[in-house]
Each structure stands twice: as structure tokens, then as C-alpha cells.
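Each chain, written out:
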Amino acid sequence: MDREHSQVNSLLAEAANLIRREKEAAGNVEPTEGYKRRQVEELKLFATQHDLWININSLSLSYLSKGGENEVFTGHEDVVFKLNNFEYAGEDIENFFIRIEAHNLFFSNVTYQMIGFAYNSQHEFCAVLVQPYVRAKREATEEEIAEHMKALGFEMVYEDEYHNAEYEVFDAVPNNVLYGIDDRLYFIDTQIRLRPIEITLK
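Just so it is clear, the model here is predicted, and its values are computed rather than measured. (Residues numbered from 1 in each chain as written. Predicted model: local features only at pLDDT ≥ 70, side-chain atom pairs only at ≥ 80, totals over all residues. Heavy atoms only, no water.)

### Here's the deal with the pattern of salt bridges
The cut-off we apply is this: Salt bridges are defined by distance alone: a side-chain nitrogen of Lys or Arg within 4 Å of a carboxyl oxygen of Asp or Glu. Accessible area is worked out with a 1.4 Å probe on protein chains only. A residue is then buried under 20% of its type maximum, exposed over 50%, and partly exposed in between.
Summed over the entire model, instances satisfying the criterion amount to 11 salt bridges. The partner of E14 in a salt bridge is R21, with the nearest N and O atoms 2.5 Å apart. According to the relative accessible area criterion, E14 is partly exposed, its value standing at 28%. Assessed through its relative accessible area of 41%, R21 is described here as partly exposed. Where salt bridges share partners, they join R20, E94 and E101 into one cluster.

### Section: the sheet that holds strand β10 (residues 177-180)
Threshold: Whether two strands pair depends on DSSP finding at least two bridges between them. Labels follow the DSSP assignment, with helices taken as runs of H or I lasting at least four residues and strands as runs of E lasting at least two, numbered in each case from the N terminus. Orientation is described by axes fitted as lines to C-alpha atoms, over the contacting stretch for helices, and by angles from 0 to 180 degrees between their N-to-C directions.
Here 3 strands make up an open sheet; going across it, the order is β6-β10-β11 and the pairing antiparallel. In this open sheet, the two edge strands, each paired with only one partner strand, are β6 (136-139) and β11 (185-187). The sheet shows a mean angle of 30 degrees between the axes of neighbouring strands, taken without regard to direction. When β10 meets β11, the two strands line up antiparallel, connected through 3 bridges.

### A look at the nonpolar core
The criterion, for reference: Residue types Ala, Val, Leu, Ile, Met, Phe, Trp, Tyr and Cys, when buried and joined through side-chain atoms within 4.5 Å, form a set referred to as a nonpolar core. Any two residues having at least one pair of non-hydrogen atoms within 4.5 Å are treated as being in contact.
Of all hydrophobic cores here, the largest spans 23 residues; its most connected members are F107, I145, M149, F154, Y162, Y167 and F187. For this core, the elements supplying multiple residues, two or more each, are α3 (94-106), α4 (142-151), β9 (167-170), β10 and β11. Among all residues touching I145, those that are not within four sequence positions of it are A140, Y162, A172, V173, P174, V177, L185 and F187. Counting residues in each nonpolar core, the second largest holds 21 residues, with V40, F46, F97 and M114 among its members.

Pasting the structure below:
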């Protein structure tokens with residue numbers, strides 16, 4: 001945590017590039033059994049080489065909640081810490097990096113910062129993310145979410161899913177979007193993926 005944030009961000013951007021270079025070297029084949037496990041091993045080695053391991057127990061944090069992919073903690077510098085176990089990345093960890101980059105692009109008032117790697121309470125390898133703690137009046141309504149996404153250039157496909165030409169944002173439900181005390185919306189935990197490439201046969 002003492003390392004300058006800009007340096008940390010640079011190193012973790014390189015982690016994303018590492019995964020992409022490994023995929024390119026493998027010929028960008030469809031993930032098979034063991035594919036994600038090899039990516040995890042590459043990231044573990046990267047974390048060791050660049051001193052990016054974080055001891056969560058040493059940070060005096062308070063446990064907040066646990067979901068399908070994150071263990072969430074509070075209590076440090078007005079941010080929340082999320083230990084993300086890559087569960088929602090499927091069989092390819094690049095999906096995780098795509099999601100974080102897209103989230104920060106579209107929802108820049110509540111960006112994720114990656115600060116290192118750790119093990120969660122289940123001893124699963126995780127990326128450590130920090131995100132601003134949002135002071136909220138309430139959860140956003142479905143109507144407010146839809147209006148905001150439309151302003152960003154997205155079209156509603158389902159009640160909780162929105163598409164533009166490149167991305168699909170889903171799980172955009174009220175408990176994942178907060179209405180702040182400043183009357184702004186904060187998308188704290190939606191899912192984002194690239195849209196599949198459509199191939200037209202002639």
C-alpha cells in the first residue's frame with residue numbers, strides 16, 4: 001500500500017497485458033480445461049516478481065459482505081476493498097480485465113483501482129480492487145438506471161441489461177446502482193462483457 005498509486009497502476013496494467021500476450025502467443029484459441037489455471041499461475045508469478053502480494057489481515061479492515069465473486073471490506077481511506085476471485089470471468093481471465101476497463105470508462109465516478117493480489121477466506125487467488133465508498137440516499141430506481149444508460153448510448157435489451165455497439169452491461173439492478181447524496185447515480189457492481197462478433201455468411 002505504500003507504493004505510489006501510479007506505479008501500482010502501471011504494474012497492474014502490465015498484468016492485463018501479460019494475459020493478452022499469453023493469449024496471442026497461444027493463437028487466441030478457445031479456452032479449454034486448464035486454460036484459466038495457467039493464467040492464474042502467470043499472475044501469481046507476476047505478483048511475486050513485482051511485490052504485489054497484499055496481506056489483507058494487516059490492513060485493519062472490517063468485513064462487509066460476500067457475493068458470487070467478491071469479498072468486500074471497509075474501513076480504510078474512505079474506500080471499499082473487494083477481493084475478486086475471477087469467478088465471473090469464466091474460463092478466460094481477460095474477461096475480468098475487459099470488465100474493469102469498461103467499468104472505469106462508463107462509470108468514472110466510482111472507478112475501480114487494482115492494487116495487487118491476495119487470497120480470500122476460501123484461499124482463492126484474487127485481484128484486490130479498491131473503489132470509493134458511496135454515501136447514498138437510497139438505491140436507484142429501474143427508471144433512473146434506464147435513463148442514465150440511455151444517456152451513455154446504451155439500449156435496453158432486458159430490464160437489467162443494456163447494449164451498445166461494443167459492450168453488454170447487465171445485472172444493472174437497483175441494489176447494484178446507488179443514488180448518491182449528491183443526486184448522482186453510482187454503478188457499483190454491474191457486469192460488463194464484449195458483445196459477440198456477428199459473422200454473416202454469404
